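# A structural walkthrough
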Amino acid sequence: MSARHRPRNRKSAARMLPTLAVTALLAFPAAASAPLASTPELPAVAETATEATAPAPMGPPVPRRGLEIYRQFQQGRAEQECSSDVSPRWSKHFAAAPKRLATPSDDTLLLFGYVLDAVRAAHLPSEYALIPFVESGYRPDARSPSGPVGLWQMIERTARNHKVPIRAGYDGRLSPVDSTRAAVRYLKTLHGMFAGDWRLAAMAYNAGEYRILGALKSGGQQARSADPASLAGVPATTQAYVRKLQALSCVLGDAKQQDSWVKAMDRPAPRLQAITLDKQTRRITDWADRHGQDPARVGRLNPVFGDGPIATSGDGQVRLLAPDLGIN
């Protein structure tokens, strides 16, 4: 589920995630200086709610705020400090990421919060939640001319291998619910396979686990004590993949130094939840109107349905990603 994820065999890897035009999405200057407001740590949240059985709110809901998402990201980083060798090139490339998170009309903060919730619920480092920034610019509808699709830019074969439903009228790669579930499950496997080293796991996600295992073996290294940057036989694009994630993590980490950015982030940021729809719901616009949601935003969050009628995901369920019903 990466730009170049290899299916679980020793054949040449299928390239899933070629470089997209993220520069166009992230071409603004980086933010810079003011202390981050203190916010409480977020509790884990159930992944899916069911429309018919979701409990009614017990009182006026207290919306999550953008700074809470940011604090959760900061606390979950495997690398809390940024070294002096962080790539200037990739830091500049991703300089607009903080601005996108701070822009109320942009869906990036809500999607980032959704992916981060899934990553942290799986007890994984926050750095993994940056992968959709690198792969698709956090656009659920992203399509590459060479085949990869969606938030995580999966190729069809890899998506099927990881049980992402694809059938006539429904491509689960365009569903942040289906694709995130599969991606986080796979990252969890890689994280354990490579002794909890997120850099090795990210490299395996990009190039395939067998290539990284082979590089460790040929270099006489073990995952627990490996130096990922020194691995021979690893594609330059895979080494760059880790440098991108490290640079992006540091760009976001430094954003708290700018007071105007912190203020922009201190706004309600509804938690997204996967809602299992009843069989009577035919279009997402019908559901949005019935629940007082913005149909345009619900449509942007669920490009898997396009403008047509809702199709099943293949397991008989229809899952819609939408802001928490108790908040919006």
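Our subject in this report is the structure included herewith. The structure presented is a predicted model; accordingly, all values stated were derived computationally and were not measured. Counting restarts for each chain, with residues numbered from 1 along the sequence as it is written. It should be noted that, the model being predicted, local features are given only for residues of pLDDT at least 70 and side-chain atom pairs only at 80 or more, the latter also being counted only at that level, while totals for whole chains, interfaces and linings use all residues. Computation of side-chain values: all heavy atoms of the structure, hydrogens and water removed.

This next bit is on the packing of aromatic side chains. Classification of ring pairs uses Phe, Tyr and Trp, with its six-membered ring standing for Trp, and accepts pairs whose centres are within 6.5 Å; under 30 degrees between planes counts as stacked, over 60 as edge-to-face, and the remaining range as tilted. Applying the stated rule across the entire model yields nine aromatic pairs. For the ring pair Phe112 and Phe133, a centre distance of 6.1 Å and an interplane angle of 50° mean the geometry is tilted. Highlighted residues: Phe112 in helix 5 (residues 108–121) and Phe133 in helix 6 (residues 131–136), separated in sequence by 21 residues. When a residue's accessible area, from a 1.4 Å probe over protein chains only, is under 20% of the maximum for its type it is buried; when over 50% it is exposed; and in between it is partly exposed. Phe133 gets classed as buried once you look at its relative accessible area, which sits at 0%. Relative to Tyr205, the ring of Trp152 lies with its centre 6.4 Å away and its plane at 65°, an arrangement referred to as edge-to-face. Here Trp152, found in the loop between helix 6 and helix 7 (156–161), pairs with Tyr205, found in helix 9 (residues 198–207); they are 53 residues apart in sequence, far enough to count as distant. Judged by its relative accessible area of 0%, Tyr205 falls in the buried class. By the ring-pair criterion, three or more aromatic residues cluster together here, those being Phe73, Phe112, Phe133 and Tyr138. Note that Lys244 overlies the ring of Trp90, its terminal NZ or CZ placed 4.6 Å from the centroid. Secondary structure counts use DSSP, requiring at least four H or I residues in a row for a helix and at least two E residues in a row for a strand, with both numbered from the N terminus. Charge over a ring is defined by NZ of Lys or CZ of Arg lying within 6 Å of the ring centre and within 35 degrees of the ring normal.

Let's shift gears to the nonpolar core. Throughout, nonpolar core names a set of buried Ala, Val, Leu, Ile, Met, Phe, Trp, Tyr and Cys residues whose side chains join them through atoms within 4.5 Å. Membership of the largest hydrophobic core comes to 72 residues, with the highest contact counts inside it found for Phe112, Trp152, Leu200 and Tyr205. Counting residues in each nonpolar core, the second largest holds 16 residues, with Trp287, Val298, Leu320 and Ala322 among its members.

In terms of residue burial, strand 5 (residues 319–323) counts as a mostly covered element, since five of its five residues are buried. Strand pairing follows a simple DSSP-based rule, namely that at least 2 bridges must link the two strands. Alignment of strand 4 (residues 272–276) against strand 5, held across five bridges, turns out to be antiparallel. Looking at strand 5, one finds that Gln273 is bridged to Ala322.

Criterion for a disulfide: a pair of cysteine sulfur atoms at a distance within 2.5 Å. Scanning the entire structure with this criterion turns up one disulfide. In this model, Cys82 is linked to Cys250 through a disulfide, with the two sulfur atoms separated by 1.9 Å. Because the sign of the S-S torsion sets the handedness, a value of about -115° for the bond joining Cys82 and Cys250 places this disulfide among the left-handed ones. One end of the pair, Cys82, is in the loop between helix 2 (66–76) and helix 3 (88–93); the other, Cys250, is in helix 11 (residues 236–254), and 168 residues separate them in sequence. According to the relative accessible area criterion, Cys82 is partly exposed, its value standing at 34%.

Here the phi dihedral of Tyr138 falls at roughly 60°; this positive angle occurs in a residue that is not glycine. Along the chain, the position of Tyr138 falls in the loop between helix 6 and helix 7. The buried category is assigned to Tyr138, whose relative accessible area is 2%. Even without being glycine, Lys163 reaches a positive phi, approximately 65°. For Lys163, the position within the fold is in the loop between helix 7 and strand 2 (166–167). Given a relative accessible area of 70%, Lys163 falls into the exposed group.

The subject of this paragraph is the pairing of strand 4. Within strand 4, five of the five residues are buried, leaving the element largely enclosed by the surrounding structure. Residues of strand 4 alternate between two faces, with Leu272, Ala274 and Thr276 on one and Gln273 and Ile275 on the opposite face, all of them buried.

What follows deals with helix 5. The end-to-end C-alpha distance of helix 5, which contains 14 residues, comes to 20 Å, matching closely the 20 Å that a straight helix rising 1.5 Å per residue would cover. Helix 5 sits mainly inside the fold: 11 of its 14 residues count as buried. Regarding helix 5, the residues found buried are Thr108, Leu109, Leu110, Leu111, Phe112, Gly113, Tyr114, Val115, Leu116, Asp117 and Val119. Two residues or fewer after helix 5 comes His123, characterised by a positive phi angle close to 60°. In this analysis, the expected span of each helix is defined as 1.5 Å times one less than the number of residues it contains.

One side-chain nitrogen of Lys or Arg within 4 Å of one carboxyl oxygen of Asp or Glu is enough to make a salt bridge. Counting across every chain of the model gives 11 salt bridges. In this structure, the salt-bridge partner of Arg300 is Asp107, at a minimum N-O distance of 2.6 Å. One end of the pair, Arg300, is in helix 14 (residues 295–301); the other, Asp107, is in the loop between helix 4 (97–102) and helix 5, and 193 residues separate them in sequence. What makes Asp107 buried here is its relative accessible area of 12%. For Lys263, the salt bridge identified is with Asp259, shortest N-O distance 3.2 Å. Residue Lys263 and its partner Asp259 are both found in helix 12 (residues 259–265); the two are separated by four residues, about one turn of the helix. Take Lys263: its relative accessible area is 59%, and that puts it in the exposed class. Here Asp259 falls in the partly exposed class, since its relative accessible area comes to 37%.

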